[in-house]
Amino acid sequence: MSSTEQGTSSAAPAEPTTAPESAAAPEVPESFYYVHGKDKVVHKVSAGALQHSALIHGMISNLGYTEEQAKANPFPFENIDGDILQMVVDWCNQHKGKPTPPEDTNLPKQKEKLFDLVLAVNYLEIKELLTYCCKQVAMMVKGKSPEEIREIWMIPTDAEDEAAEKEAKKRAGKEAAGETAAAAGDAK
Amino acid sequence: MILSKYPFVVQKEILHNMKYSDLFMLSFVSKDLNELIKSCHKKTFKSIRSIEYVNDRAKNTCAVYIFDGRKPKNSEKPSKLDDDMIVRLVEQDDSKSGSFQFNFRVSDDYKYPVVFYDHSDKECVFQSIHNHFLDLFGNSIEYTWKESLWMESQGFSTPVIPNLKNVSLRVAMDLDELVGDFSELEDFFSSSSVFKTIHLAVRRDMESLNPESKFYQAESIRIRMHLVDGPDFLRHFRGRHIGLDCRRYEESNLLDFVNRWKSGEAFQNLEYAQIKIMNDNQFLNRILEEIGANFIDANRQPPTYTVLHNLSWPDRNVTEFELTSHTYVVRATDNRVASVQIVDHKLIFGVWNKTEEEFLKMVE
């Protein structure tokens, strides 16, 4: 979506010094928005870069913010760590208006960072980046034994799953009993 | 990283980026994960064409391949690349016996998992792996066990094929001087389920197998008897495709074959037969008259009979064969037609799913 359609701009259009000789369309100034994560650090991102995120793209589509309004109203993503949001912003900037390559080798190698990035990217609905991240997560267990996979992805054993299920049932039973008792008390 | 903390769409995307061999390993991690794989890959697994156990007795190794229908199909010769291998099962002499459990390792170049097992656990290991496949990939896939010692005679012993549910069996064997007792062979066929394909290279004299033997029920049989005059394998055949390469074959047996088909007395399932006779084959020149073949006018174009057979296995999985012949015979019981041709010392016989009337309508 172009900045003209949104009626937003980062700065007033430059005054034409001379009348253009060619019939080329005047360059449309790029519009910017502001986002911040858990750490409240604000990132300025172009609308073009934000198009990668279906969530943000949907949010800004009909806003009609001016530059000042955009600056004053950064989008808060309190569920995303600052460094993770920075990674996402960097990726969106790097791939602004470009076709995405078949793979991305610049994703974090550390498990926990990658885990948080996947959650953030899924939340922000950045399809291509999610695909890269998921490929990377899948690669972590390539050629590993079941026990190694369990360790890497922290998968509970069947016994642990069963115990957790029993516990959940027990808790649900207790809660239901509590609600029944409360309802009976109310009725009295 | 806790996989279960991801939303389902993310888990699904991750699993869709994994190879079959990695999914196979993953499915052993927990029951819940196994169910997750099945639910995420419901559609993908439907595109699996076949799972093949390719057993190499000489190396005590069985490679299991998975062929995906989404990959470009090469029915002539499946690639059987390491990439298609889902697991390799290796019998180990020195593996410690005791309570059985899978001993997974990965190949040196990390391409596929390897399971090591002790000889005494063989049946149990194969059944467990196979039942796991049935659970994970479903039972609508074609599962095949292939055992081929066709080209490398290393001493005969009947194969020991684990008893696996829903598996078609394909074996190729050399029967040479090392075969001590043919009853062993009879026992092997009778104790196994019906074979999809049997290929035998007969290199020594042998007696006829029991006419009731399951051997004759095989869907497809290929016999090569270049050096000896063996028994008449054709007479009791009850399957669909048969190929005989014989040093000699009695004229009376060949007449008997066609006449019994024509009368409907035998070979009701037969679709395709090729009988090649190397020596004393002059009678083939007159056999068409003797079997009472019908002739289509030489100026007219007969229809082409097409069959997919696996008589060229193990070289090729499936071969498409076309037969265009001006001669045919008709079965009395249902008026069905079989095209017949004599070429290169060979009688070729292709049974149509058409009556004579329908067949003649196709003649141009």
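Cut-off values and rules
- For every chain, the first residue of its written sequence is number 1, and the numbers climb from 1 along that sequence.
- Chains carry letters from A onward and ligands carry numbers from 1 onward, assigned in written order.
- Owing to the predicted nature of the model, reporting of local features is limited to residues with pLDDT of at least 70; listing and counting of side-chain atom pairs is limited to 80 or more, with chain, interface and lining totals taken over all residues.
- Think of the side-chain values as coming from all heavy atoms in the structure, minus any hydrogens and water.
- UniProt positions are given in the numbering used here, feature names are shortened, and annotations may be inferred rather than shown by experiment.
- Helix and strand definitions here come from DSSP, where helices need a minimum of 4 consecutive H or I residues and strands a minimum of 2 consecutive E residues; each element is numbered from the N-terminal end.
- Burial classification: accessible surface area is computed with a 1.4 Å probe over protein chains only, and a residue below 20% of its type maximum counts as buried, one above 50% as exposed, and the rest as partly exposed.
- Should any heavy atoms of two residues lie within 4.5 Å, those residues are counted as being in contact.
- Residue burial considers only the protein chains on display, and all accessible areas are found by Shrake-Rupley using a 1.4 Å probe.
- Once two parts are put together, the accessible area they lose, assessed with a 1.4 Å probe and summed over both, is termed the buried area.
- The working definition used for a salt bridge is a side-chain nitrogen of Lys or Arg within 4 Å of a carboxyl oxygen of Asp or Glu.
- Polar contacts, as used here, are pairs of N or O atoms within 3.5 Å; protein pairs need one atom able to donate a hydrogen and one able to accept it. Residues neighboring in sequence count only if both atoms are side-chain atoms.
- One number per residue, pLDDT, summarises how confident the predictor is, and it ranges from 0 to 100.
- The pairing test for Phe, Tyr and Trp rings, Trp by its six-membered ring, is centres within 6.5 Å, and the orientation test on the planes gives stacked under 30 degrees, edge-to-face over 60, and tilted for anything in between.
- Lysine NZ or arginine CZ positioned within 6 Å of the ring centre and within 35 degrees of the ring normal marks a charge as sitting over the ring.
- Here, any two strands with at least 2 DSSP bridges between them count as paired.
- Every axis corresponds to a line fitted to the C-alpha atoms, with the helix fit spanning only the stretch in contact, and the corresponding angles, defined between N-to-C directions, vary from 0 to 180 degrees.

- The name an unreviewed UniProt entry assigns to chain B is F-box domain-containing protein, from the organism Caenorhabditis nigoni.

- Chain A carries the name Skp1-related protein in an unreviewed UniProt entry, which gives Caenorhabditis nigoni as its organism.
- In its Pathway (unreviewed entry) section, the UniProt record describing chain A reads: "Protein modification; protein ubiquitination."
- The heading Function (unreviewed entry) in the UniProt record of chain A holds the text "Probable essential component of SCF (SKP1-CUL1-F-box protein) E3 ubiquitin-protein ligase complexes, which mediate the ubiquitination and subsequent proteasomal degradation of target proteins. Regulates cell proliferation during embryonic and larval development."

### Re the overall build of chain B
Then, number 1: Counting its secondary structure elements, chain B contains nine helices and 17 strands.
Then, number 2: For chain B, the proportion of its 364 residues judged to be buried stands at 52%.
Then, number 3: Put simply, of all contacts in chain B between residues at least 6 apart along the chain, 59% involve residues at least 24 apart.
Then, number 4: As displayed, chain B has an accessible area near 17,000 Å², and 44% of this comes from carbon and sulfur atoms.

### Section: the interface of chain A and chain B
Buried accessible area, meaning the area lost when the parts come together, often serves as the stated size of an interface.
Then, number 1: Contacts between the two partners involve 30 residues from chain A, matched on the other side by 25 residues from chain B.
Then, number 2: Summed over both partners, the interface of chain A with chain B buries about 2,400 Å², with 68% contributed by carbon and sulfur atoms.
Then, number 3: If you sort the residues of chain A by the area they bury against chain B, F115, P146 and W153 of chain A come out on top, with a joint share of 24%.
Then, number 4: The tally of links from chain A across to chain B stands at zero salt bridges.
Then, number 5: Connecting chain A to chain B are four residue pairs in polar contact (both at pLDDT 80 or more).
Then, number 6: Elements with a contribution of two residues or more to the side of chain A that touches chain B: α6 (111–124), α7 (127–139), α8 (146–153) and α9 (158–187) of chain A.
Then, number 7: Sort the elements by how many residues they give to the side of chain A that touches chain B and α6 of chain A lands first, with seven residues.

### Overview of the UniProt feature "domain: SKP1 component dimerisation" (unreviewed entry) in chain A
Then, number 1: If you check UniProt for "domain: SKP1 component dimerisation" (unreviewed entry), the listed places come out as residues 127–170 of chain A in our numbering.
Then, number 2: With 77% helix and 0% strand, the stretch residues 127–170 of chain A has end C-alpha atoms that lie 39 Å from each other.

### Considerations on the confidence of the model for chain A
Then, number 1: In the predicted model, chain A carries a mean pLDDT of 81, and the fraction of residues at 70 or more is 83%.
Then, number 2: Taken together, the stretch residues 1–22 of chain A has pLDDT below 50 and engages in 29 contacts with residues farther than four places along the chain or on a different chain.

### Observations concerning the confidence of the model for chain B
Then, number 1: Mean pLDDT for chain B: 86, with 87% of residues reaching 70 or above.
Then, number 2: For chain B, the element scoring lowest by mean pLDDT is strand β4 (residues 103–106) of chain B, at 68; strand β15 (residues 327–330) of chain B scores highest, at 97.

### Considerations on the UniProt feature "domain: SKP1 component POZ" (unreviewed entry) in chain A
Then, number 1: Taken from the UniProt record, the annotation "domain: SKP1 component POZ" (unreviewed entry) applies to residues 38–96 of chain A.
Then, number 2: As a span, residues 38–96 of chain A carries 51% helix and 12% strand, and end to end its C-alpha atoms are 24 Å apart.

### Considering the pattern of salt bridges
Residue and element names in this part refer to chain B.
Then, number 1: In this structure the tally under the stated criterion is 23 salt bridges over all chains.
Then, number 2: K196 is the salt-bridge partner of E142, the closest N and O atoms lying 3.6 Å from each other. Of this pair, E142 sits in strand β6 (residues 142–148) while K196 sits in strand β8 (residues 195–202), placing them 54 residues apart in sequence.
Then, number 3: Its relative accessible area of 31% is what places E142 among the partly exposed residues.
Then, number 4: With a closest N to O distance of 3.3 Å, D229 and R248 form a salt bridge. Within this pair, whereas D229 is found in the loop between β9 (220–225) and β10 (241–246), its partner R248 is found in the loop between β10 and α7 (251–263), the two being separated by 19 residues in sequence.
Then, number 5: Taken together, the shared-partner salt bridges in this structure form one network comprising E142, K196, E219, R240 and E271.

### Let's talk about the packing of aromatic side chains
Then, number 1: With the rule as written, the count across this model stands at 28 aromatic pairs over all chains.
Then, number 2: Aromatic rings pair up to connect Y20, F24, F28, F45, Y53, Y117, F126, F133, F137 and W145 of chain B into one cluster.
Then, number 3: Residue placement shows K44 of chain A over the ring face of F32 of chain A; its charged tip is 4.6 Å from the ring centre.

### What about the sheet that holds strand β1 (residues 32–36) of chain A?
Residues and elements named next belong to chain A.
Then, number 1: Strand order across the open sheet formed by three strands is β2-β1-β3, with mixed pairing between neighbours. With partners counted over all chains shown, the strands left at the sheet margins are β2 (42–46) and β3 (75–76), one partner each.
Then, number 2: The pairing of β1 with β2 spans five bridges and is classified as antiparallel. Pairing of H36 across the sheet is with V42, part of β2.
Then, number 3: Those strands touched by helix α5 (residues 82–94) are β1 and β2, and its axis lies near 15 degrees from that of β2.

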